[in-house]
Amino acid sequence: MMPDMDGYEVLGHIKSDEHLQHIPVIMISALNELQSVVRCIEAGAEDYLSKPFNPILLKARTDSCLEKKRFRDRETALFEELQANYKRLQEAEKLRDDMRNMIIHDLRTPLTAMLLGVEMLEQDAALDEMQHELAGIAAGGGKTLLGMINDLLDVEKMEAGSTQLQYSELSAEALVATALGQVASLALDGHNALITEIAASLPPFAGDEKKLTRTLVNLIANAIKFTDGGTVTIAATQDDGSIRFAVRDTGEGIPSEAFERIFEKFGQLDSRKVGTGLGLAFCKLAVEAHGGRIQVESTPGAGSTFSFTIPLTR
């Protein structure tokens, strides 16, 4: 009932000002209608007292409002501190990632040169049998290390969304055959049988040949690694507008609680097995980049099945 600007307008101005809106407001008015009380509370007032007011009650209400305000202020300060710490953490992580990527990039060039030198040395007819063997071991270790570096760089690029897929028309049968050609020696070393089950008349599909071949190679190599004297089956079928690839083994199996972890970067099921834990992370990112989905089914002691789908069209 004030002139020029009534109490509702004053309340509205306070609550619309970002510098004032957190200050608690108690409305004191001769109006004692329920509608007036509700209107003030809905507009943001903390409390409402009717005139004539009791000073003791007003002090109690004020103390209560101030306690709530102090609590909110502490909460706001803690939240701002948390945001600042999170920002510093993000900056530290970015600095760490940038430094790691720089080191990895710098390592790749001298490692490639060293590997080339060892491979040329390996072809030298003047070396005796033991020297050839040692050169072969050095070359194999260099290739493994270079593969780890490339895996890490590829995973980092795909996580950042900076990898462009090179699409072409692919054949499921040819893709499986190429992948098998790269892992056949591993199967012989582990005394495992490789079996293919390719459905007849599978249509061609669109995909990045290198990344999908590498995905299959990673899955088959993992199956061989965890299977000893068993079978590894590679299947391809058509499934609801997609091509479905599956790699089944008769190996150790995986506990269900590890299903999510094994697809994480550096996630490993068994630290005793040699590897970086990047293979399945690469597979997941490569499949999802194609718009597909990867999953695992397994029972400990009864083998595992890793499968993924790739849409027939981009």
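Residues numbered from 1 in each chain as written. Predicted model: local features only at pLDDT ≥ 70, side-chain atom pairs only at ≥ 80, totals over all residues. Heavy atoms only, no water.

**Comments concerning helix α4 (residues 129-160)**
So, point 1. Over its 32 residues, α4 extends 47 Å from the first C-alpha to the last, a length consistent with the 46 Å expected when each residue adds 1.5 Å.
So, point 2. Every buried residue of α4 is accounted for by Ala-135, Ala-139, Gly-142, Leu-146, Ile-149, Asp-151, Leu-152, Leu-153, Val-155, Glu-156 and Met-158.
So, point 3. Tucked inside the fold, the buried residues of α4 contact α3 (55-122), α6 (209-225) and α7 (279-289).
So, point 4. You can read the cap of α4 off the contacts: a side-chain oxygen lies 3.2 Å from the backbone nitrogen of Met-130, and it is on Asp-128.
So, point 5. Just downstream of α4 lies Gly-161, where phi reads positive at about 75 degrees. (Helix = DSSP H or I, 4+ residues; strand = E, 2+ residues; numbered from the N terminus. Expected span 1.5 Å × (residues − 1). Buried < 20%, exposed > 50% of the residue type's maximum accessible area, 1.4 Å probe, protein only. Contact = heavy atoms within 4.5 Å. Polar contact = N/O pair within 3.5 Å; in protein donor to acceptor, adjacent residues only side chain to side chain.)

**Considerations on the pattern of salt bridges**
So, point 1. One pass over the full model with this rule turns up eight salt bridges.
So, point 2. Taking the shortest distance from any N to any O, the salt bridge between Arg-70 and Glu-67 comes out at 3.6 Å. In this pair, Arg-70 and Glu-67 both sit in helix α3, three residues apart, roughly one turn of the helix.
So, point 3. Among the ionic pairs, Glu-288 bridges to Lys-284, the shortest N-O distance being 2.9 Å. (Salt bridge = Lys/Arg side-chain N within 4 Å of Asp/Glu carboxyl O.)

**Re the sheet that holds strand β4 (residues 193-198)**
So, point 1. The sheet built from five strands is open, its strands ordered β4-β6-β7-β9-β8 with mixed pairing. In the strand order of this sheet, the two ends are held by β4 and β8 (293-298), each with one partner. Strand-to-strand twist of the sheet, defined as the mean angle between neighbouring strand axes without regard to direction, takes the value 15 degrees.
So, point 2. This element, helix α5 (residues 172-189), spans β4, β6 (231-239) and β7 (242-249) of the sheet and lies at about 175 degrees to β4. (Pairing = 2+ DSSP bridges. Axes fitted to C-alpha atoms, helices over the stretch in contact; angles between N-to-C directions.)

**A word on unusual backbone geometry**
So, point 1. The omega angle of the peptide bond from Lys-51 to Pro-52 is -10 degrees, so this bond is cis rather than trans.
So, point 2. Despite not being glycine, Asp-4 shows a phi value in the positive range, around 65 degrees.
So, point 3. By the secondary structure assignment, Asp-4 is in the segment before α1 (7-16).
So, point 4. Backbone geometry places Ser-201, a non-glycine residue, at a positive phi of 55 degrees.

**Details of the nonpolar core**
So, point 1. One finds Phe-205, Leu-216, Ile-220, Phe-245, Ile-262, Phe-306 and Phe-308 to be the most contacted residues of the largest nonpolar core, which totals 36 residues.
So, point 2. For this core, the secondary structure elements donating two or more residues are α5, α6, β6, β7, α7, β8 and β9 (304-311).
So, point 3. Not counting residues within four places of it along the chain, the set of residues in contact with Leu-216 comprises Leu-175, Val-176, Ala-179, Phe-245, Val-247 and Phe-308.
So, point 4. Counting 14 residues, the second largest nonpolar core, distinct from the first, contains Leu-146, Ile-149, Leu-153 and Phe-282. (Core = buried A, V, L, I, M, F, W, Y, C linked by side-chain atoms within 4.5 Å.)

**Brief notes about the packing of α6 against α7**
So, point 1. Axis separation between α6 and α7 bottoms out at 9 Å; the angle between their running directions is 145 degrees. The way α6 lies across α7 gives a crossing that is left-handed. Between α6 and α7, the residues in contact are Lys-211, Arg-214, Thr-215, Asn-218, Leu-219 and Asn-222 and Gly-279, Leu-280, Phe-282, Cys-283, Ala-286 and Val-287, respectively.
So, point 2. Looking at the contact of α6 with α7, its residues break down into six nonpolar, four polar and two charged. (Left-handed = near helix turned anticlockwise from the far one by under 90°. Nonpolar A, V, L, I, M, F, W, Y, C, P; charged D, E, K, R; others polar.)

**Let's talk about the layout of surface pockets**
So, point 1. Volume-wise, the second largest pocket comes out at about 370 Å³.
So, point 2. Lining the second largest pocket are 19 residues, and of these Met-2, Gly-7, Met-27, Ile-28 and Ser-29 sit closest to its centre.
So, point 3. At five residues, the largest contribution of residues to the lining of the second largest pocket is made by α1.
So, point 4. A class-by-class count of the residues in the lining of the second largest pocket yields 14 nonpolar, three polar and two charged. (1 Å grid on protein atoms, 1.4 Å probe; cavity = no way out; pocket = protein on both sides within 12 Å on 5 of 7 lines; lining within 4 Å. Points joined across faces, edges and corners; volume = space filled by probe spheres on them.)

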